[in-house]
Amino acid sequence: MEQYTGSQIVVLEGLEAVRKRPGMYIGSTGSRGLHHLIWEILDNGIDEHLAGFCTQINIILQKDGGITLQDNGRGVPVDIHPTKGIPTARVVYTILHAGGKFGGSVYKVSGGLHGVGASVVNALSKRMIVEIKREGKIYRDEYASGGHPVTELVDGHLPVVGKCNKNDTGTKVTFYPDDTIFETVEFKADTIKKKLKEIAFLNKNLKIIFQDQITKEEVTYLEEFGIKSFVSYLNRDATPLHSEPIYLEGQSGDIEVEVAFQYIDTYSEQINAYCNRINVVDGGTLVTGFKTALTRVMNQYARELGILKEKDENFDGKDIRNGLVAIISIKHPDPQFEGQTKTKLGNTDAKSAVDEVFAAEVQRYFDKNVEVLKGILDNSLKSYAARKAGDKARTAVLKQLSDVDTRSKLASCSSKKAEECEVYIVEGDSAGGTVKTARNRRTQAVLPLRGKILNVEKSTLEKILVNNEIKSMIASFGCGIGEDFDINKLKYGKIIILTDADVDGAHISTLLLTFFYRFMPELIYEGKIFRGLPPLYKVDYETTVKGKKKKQSEYLFDDFALEKFRKKEDHKILSLQRYKGLGEMDADQLWETTLNPETRILAQVTINDTVEADEITNVLMSSNVPPRRSFIMEEARYAKLDV
């Protein structure tokens, strides 16, 4: 077994900083941030798998609200750390930027690179128990109240609490999230299972067992064919253009590359990129390398087969990627991510590695499977024709944008500084009139939409660009669309969707988000899209303060908040008003609850997982009603704001 000792744990240090600003480390204190704690501990087991030492990970959802993750890797070192003078395991779980991933001698490939995962989870937990199996012994350490050790050391070492077989090694972590930090500490089994399925696809032959002690459910994930099966899973409800996903693999220098892809009958593309098993949502250099190689190779084949004549221009990359569903997965010894959230890869060598491996391997495949190649090129030719029609429509629309009558719709703001300006997209003239009256005219613009916009999920750009409401948004934003999109020309720092708190409002909001996701995704990736959250209720109540009765008012934003309010024993409800729409609030109420930057609640729209984002979009926007109804009913059980 390769040596893994305390001398290999490099310290780059204060858990209180994590507790004060948890969002910097896990993204949010809502449901997403809560589940991020699981992924941080899980990453450690996966890194052991990538290093060749872990074959199984168990995740147990406890009845008492805790969660346990156990791997059969080498076990975190328990010897005395050479510079810290305490057990190395305690260094790992209590000191930021301490881990075996900096020196390069322990993990040639690693997902958790910053050495903060285990200690951050400990900092944000009210209790954590660590059990380590090494060299026939079982060691135990326990922490409380944000990472403070409560286990007494024995002659400076962790206490041994049992014996095991010398070949039985690994690390077991049980933690309980701190309910004074998180908005919810209720783990969602469905969220965990979705993630585990994805991880199993990305880690061929790693067995992952999930046990839910609350429902007695047990699920085992083990994928023999890896990302090829992943693509089949993503396309399970689609119509493929060729029967089997294409799987390619190879190595360029120290970088291992895997690509699996399949074309389906749709107008969109879906490329999911992973570096060291981390979903890099914004892509980066590995995606650029893939797109460049795919475009070059397919145009070369199109010329050789006579599909493109000498006088014809090349296929555009989007022509070739129309209908493409692809997984790109690389192993990189020193990946450079943008920030702790790791949403984009910056290594230039990743681009050249993916380009080199994919180009060589895909040509080898297509030379043997010419009929599959011809089918894909025929699809590209159809996409080319549709793009030309779309280009004409886009050119016509862009020429008309200066003539689009936004004046009767858009109430602009006086400031010309994009960073301080925001535009509210509202439904209908009634709501628009109220918002226009209540707004700050210097920095807040209002764009009322008349009716629901087009469902763009199954539409071509040509059809989308004739929709009046979409044309109004393009004209108002000022940043173009498609090939002409330039986020630097965006006139507003925030685009805020503000719809009524009812079913129609939710539908309009979903249609708008789908449009942004499919045709202006940069707005979401750059954090420009928000949802305004107007209150659903206003409650007048009487309470007793220092022996005196006092009448007060409070706004409640959903049925869950109302249910919680009703349970307050010292509050007597005098009246309850339900707002059917924004138009029912007067200007002062709307300003106070929804428009005032000091008091309003905005939910920023982010994409944390591209696979899940695509799946949800497909479910919500498809014409298949049962899956959509099931999704909405299931998610409604867990509806909580993640602001």
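Look up: the structure comes first, before these words.
Being a predicted model, the structure only gives us computed values, none of them experimental. (Residues numbered from 1 in each chain as written. Predicted model: local features only at pLDDT ≥ 70, side-chain atom pairs only at ≥ 80, totals over all residues. Heavy atoms only, no water.)

Our next topic: the overall build of the protein chain. When helices and strands are counted, the protein chain shows 20 helices and 24 strands. Burial status across the protein chain gives 52% buried among its 643 residues. As presented, the protein chain carries roughly 29500 Å² of accessible surface, and 47% of it is formed by carbon and sulfur atoms. (Helix = DSSP H or I, 4+ residues; strand = E, 2+ residues; numbered from the N terminus. Buried < 20%, exposed > 50% of the residue type's maximum accessible area, 1.4 Å probe, protein only. Areas by Shrake-Rupley, 256 points an atom, 1.4 Å probe, with all protein chains shown as cover.)

Inspection of the entire model under this criterion finds 17 salt bridges. Between arginine 74 and glutamate 48 there is a salt bridge, and its shortest N-O distance comes to 2.8 Å. Of the two residues, arginine 74 is situated in the loop between strand E3 (67-71) and helix H4 (88-94) and glutamate 48 in helix H3 (residues 31-50); the sequence distance between them amounts to 26 residues. Like arginine 74, the residue glutamate 48 is buried in the burial classification. Arginine 364 is the salt-bridge partner of glutamate 361, the closest N and O atoms lying 2.8 Å from each other. (Salt bridge = Lys/Arg side-chain N within 4 Å of Asp/Glu carboxyl O.)

All buried positions along helix H18 (residues 587-595) are accounted for by Gln589, Leu590, Thr593, Thr594 and Leu595. Mapping the buried residues of H18 onto a view down its axis gives an arc of 150 degrees, with all of them on the same face. The elements touched by buried residues of H18 are strand E17 (422-427), helix H12 (428-438), strand E18 (444-449), strand E19 (494-498), strand E21 (537-545) and strand E22 (548-556). Sitting at the head of H18, aspartate 586 places a side-chain oxygen 3.1 Å from the backbone nitrogen of aspartate 588. (Arc of directions from axis to C-beta. Contact = heavy atoms within 4.5 Å. Polar contact = N/O pair within 3.5 Å; in protein donor to acceptor, adjacent residues only side chain to side chain.)

Take the packing of aromatic side chains next. Within the structure shown, the criterion is met by 14 aromatic pairs. Residues phenylalanine 315 and tyrosine 384 carry aromatic rings whose centres are separated by 5.9 Å and whose planes lie at 65 degrees to one another, so their mutual orientation is edge-to-face. Here phenylalanine 315, found in the loop between helix H8 (285-304) and helix H9 (317-321), pairs with tyrosine 384, found in helix H11 (residues 370-400); they are 69 residues apart in sequence, far enough to count as distant. Each member of the pair, phenylalanine 315 as well as tyrosine 384, is classed as buried. Ring geometry for tyrosine 365 and phenylalanine 366: centres 5.6 Å apart, planes at 70 degrees, overall edge-to-face. Judged by relative accessible area, which is 1%, phenylalanine 366 ranks as buried. An aromatic cluster of at least three residues, connected via ring pairs, comprises Phe201, Phe230, Tyr233 and Tyr274. A cation sits over an aromatic face here: lysine 197 above tyrosine 233, 5.1 Å from the ring centre. A cation sits over an aromatic face here: arginine 236 above tyrosine 233, 4.0 Å from the ring centre. (Phe/Tyr/Trp six-rings, centres within 6.5 Å; stacked < 30°, edge-to-face > 60°. Lys NZ or Arg CZ within 6 Å of the ring centre and 35° of its normal.)

Bringing the nonpolar core into the picture now. Counting residues in each nonpolar core, the largest one holds 50 residues, and the members touching the most others are Leu42, Ile59, Ile67, Tyr93, Phe175 and Ile192. It is H3 that contributes the most residues to this core, 8 residues altogether. Residue contacts for isoleucine 59: discarding those within four places in its chain leaves Leu42, Ile67, Thr68, Leu69, Leu196, Ile208, Ile209, Phe210 and Gln211. Core analysis: the second largest hydrophobic core is formed by 42 residues, Val257, Leu286, Leu294 and Ala326 among them. (Core = buried A, V, L, I, M, F, W, Y, C linked by side-chain atoms within 4.5 Å.)

Another point: unusual backbone geometry. For asparagine 276, which is not glycine, the phi dihedral falls at a positive 50 degrees. Take asparagine 276: it is sitting in the loop between strand E14 (270-275) and strand E15 (278-279). Residue classification places asparagine 276 among the buried positions, given a relative accessible area of 2%. Despite not being glycine, arginine 277 shows a phi value in the positive range, around 70 degrees. Inspection of the secondary structure puts arginine 277 in the loop between E14 and E15.

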